[in-house]
Amino acid sequence: MTAGAAIPLRLGADWATYHGDVSRAGYVPGGPDPVAPAVAWRATLDGAVYASPIVVGGLVVVATEGGSLYGLDAASGAVRWRTHLADPVPGSVLPCGDIDPLGITGTPVYDPGTGQVFAVAARPGVEHVLFGVDLRSGQVRGQRRVDAPGSEPATELQRGALLLANGMIYIPYGGNFGDCGQYLGRVVGVPVAGDGPEVDFAVPTTREGGIWAPSGPAALPGGDILVTAGNGEAVGGVWDHSDSILRLSPQLRLLDGFAPSGWAQENSVDADLGSTGPVLLPGARRVVAAGKGGGVYLADVDALGGVGRELDRLVPCHSYGGAATTSGQGGGAVVYLPCTEGLLQVLVGADDRMTRGWQANAAITGSPVVVGATVWSVQPDGTLDGLDSATGRVLATVPVGAATRFATPAVSGAAMFVPTRDGVTAVALRP
């Protein structure tokens, strides 16, 4: 059921993937800062929305844990089409986990070349299936199973956003909440067009190493991709490439990696680096990673270098979700991290030094996006907070409805679309 828009929405550019582009920057330069922001409409759908919406050509495409994709009119919230891809998996049939039922969790991606939205649904069995859906009609145009050879699908959770790059759809996998079973962090890649062979990568550890951050892989200009991986089973000896930033080729060959010097200890206490996706800075030469362990690490994209080879480190920030980044002064960058201590601004200088900027209070922890000079963050209690990007001062708070821990908005023009536990809420940033 949808409430009609009493407040007009001014739409702008498309938002076709998680945080707007393949770098996962989550930044709209020159976007509108808030003036009396308010809810324009709410849509109640057939399940909770863990994925970020995407916005293409006046449609908001929303994936639900009910196993459906919806195409909503961006201006009014009216349902233009609904496609039920698969019945969701009841939580009772999974060995562990905290999503019940389990349908579509990873953020879909739109391919302008084929006019399709791609999404992965879990369906009874348990198996993961990639669907290609026509943007305009909602008709299913193709599907294929995308569980990696040798995997145990019931132990693998497809939480991370899908990535479109190199003519491929890349699909990351981690484990269910509770880390049960013999799962491995994986990425599966399949061609956008045709039925070509898939490629796949598994973290070379004996167990775990989940690639589970909601932002999914980030793409580099030359076609390689970056992922962050969670804790592995090894707690000593040779580094097993868990608790890491990893660089993979387009064919998913492992090229390089970085781990904190304390990776083994972090593995032993489930304090993995993979709880937040890689933050690729403007210029694509530096990457920031932050995770459960509390450390924030700056690394050289072209020389990740193995264990303990960070360019700089600061603490504390226990980070979960997806971050946002903008250009900074003098060739540097600014990163906004979703820390449990409060949303944190980190200034990265051209000299590869990081310094702490402002920090929001501990009630504001959601995965941020930046629109103009405003940082927006969704909280599980149902508030959308807008903060001044320079000072951290709260400029606006809008009630949007209870949301999941990793919820993050989609942006188009002066409109923001927020995933909630029962659907999606549209917010007009300006009347």
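What comes next concerns the included structure. (Residues numbered from 1 in each chain as written. Predicted model: local features only at pLDDT ≥ 70, side-chain atom pairs only at ≥ 80, totals over all residues. Heavy atoms only, no water.)

### A few points about the state of the cysteines
Note the following rule: Here, the term disulfide refers to a pair of cysteine sulfur atoms separated by no more than 2.5 Å. Elements are defined by DSSP. Helices are runs of H or I of four residues or more, strands are runs of E of two residues or more, and each kind is numbered from the N terminus. Here's how the labels work: a residue is buried when its accessible area is under 20% of the maximum for its type, exposed when over 50%, partly exposed in between, all with a 1.4 Å probe on protein chains only.
Applying the stated criterion to the full structure yields two disulfides. Paired by a disulfide, C96 and C180 hold their sulfur atoms 2.0 Å apart. Across the S-S bond linking C96 and C180, the dihedral sits near -85°, which makes this disulfide left-handed. With C96 in the loop between strand 6 (79-84) and strand 7 (109-111) and C180 in the loop between strand 13 (168-175) and strand 14 (186-191), this residue pair connects regions lying 84 residues apart in the sequence. Both residues of the pair, C96 and C180, count as buried. Residue pairing for C317: its cysteine sulfur links by disulfide to C339, the two sulfurs lying 2.0 Å apart. The chirality of the disulfide connecting C317 with C339 is left-handed, given an S-S dihedral of about -90°. Residue C317 is found in the loop between strand 24 (312-314) and strand 25 (324-327), and its partner C339 is found in the loop between strand 26 (333-337) and strand 27 (344-348); the two are separated by 22 residues along the sequence. Under the relative-accessibility criterion, C317 is labelled buried at 0%. Under the relative-accessibility criterion, C339 is labelled buried at 1%. With cysteine numbering restricted to those in disulfides and following the sequence, the protein has the pairing 1-2, 3-4.

### Quick notes on the pairing of strand 6
Each regular strand shows side chains that alternate between the opposite faces of the sheet. The condition is simple: When DSSP finds two or more bridges between a pair of strands, those strands are recorded as paired.
One ladder, built from five bridges, connects strand 5 (residues 68-73) with strand 6; its direction is antiparallel. Within the sheet, the bridge partner assigned to L72 lies in strand 6 and is V79. Between strand 5 and strand 6, which pair antiparallel in sequence order, lie five residues; one of them, G77, sits at a positive phi of approximately 85°.

### Let's talk about the sheet that holds strand 4 (residues 59-63)
Selection rule: Axis geometry follows a simple rule: fit a line to the C-alpha atoms, using only the stretch in contact for helices, then measure angles between N-to-C directions, giving values from 0 to 180 degrees.
With antiparallel pairing, four strands are arranged side by side in an open sheet as 3-4-5-6. Strands with a single pairing partner mark the edges of an open sheet, and in this sheet they are strand 3 (54-56) and strand 6. When strand polarity is set aside, the average angle formed by the axes of neighbouring strands in this sheet is 20°. Inspection of the sheet shows strand 3 paired to strand 4 by three bridges, in the antiparallel sense. Residue pairing in the sheet places I54 in a bridge with V61 of strand 4.

### Re the pattern of salt bridges
Should their charged atoms come close, side chains of opposite charge can pair. Operational definition: By definition, a salt bridge exists where a carboxyl oxygen of Asp or Glu is found within 4 Å of a side-chain nitrogen of Lys or Arg.
Under the definition given, this model contains 17 salt bridges. Here E127 makes a salt bridge to R145, at a shortest N to O gap of 3.5 Å. Highlighted residues: E127 in strand 9 (residues 127-134) and R145 in strand 10 (residues 140-145), separated in sequence by 18 residues. Classification of R145 by relative accessible area gives partly exposed; the value is 46%. One salt bridge connects D300 with R286, and the closest N-O pair in it is separated by 3.4 Å. Here R286 lies in strand 21 (residues 286-290) and D300 lies in strand 22 (residues 296-300), a separation of 14 residues in the sequence. Residue classification places R286 among the partly exposed residues on the basis of a relative accessible area of 22%. A single salt-bridge network, built from bridges that share partners, covers R123, E127, R145 and D147.

### Examining the packing of aromatic side chains
What counts is decided by this rule: Side-chain rings of Phe, Tyr and Trp, where Trp is taken by its six-membered ring, are said to pair if the distance between their centres is within 6.5 Å; with planes under 30 degrees apart they count as stacked, over 60 as edge-to-face, and otherwise as tilted.
Inspection of the entire model under this criterion finds four aromatic pairs. Ring geometry for W41 against F417: centres 5.9 Å apart, planes inclined by 40°, an arrangement best described as tilted. Of this pair, W41 sits in strand 2 (residues 38-44) while F417 sits in strand 34 (residues 415-419), and the two are 376 residues apart along the sequence. Look at W212 and F406: their rings are 6.1 Å apart centre to centre, the planes differ by 70°, and that puts the pair in the edge-to-face class. Taken as a pair, W212 in the loop between strand 15 (199-202) and strand 16 (218-219) and F406 in the loop between strand 32 (394-399) and strand 33 (410-412) lie far apart in primary sequence, 194 residues in all.

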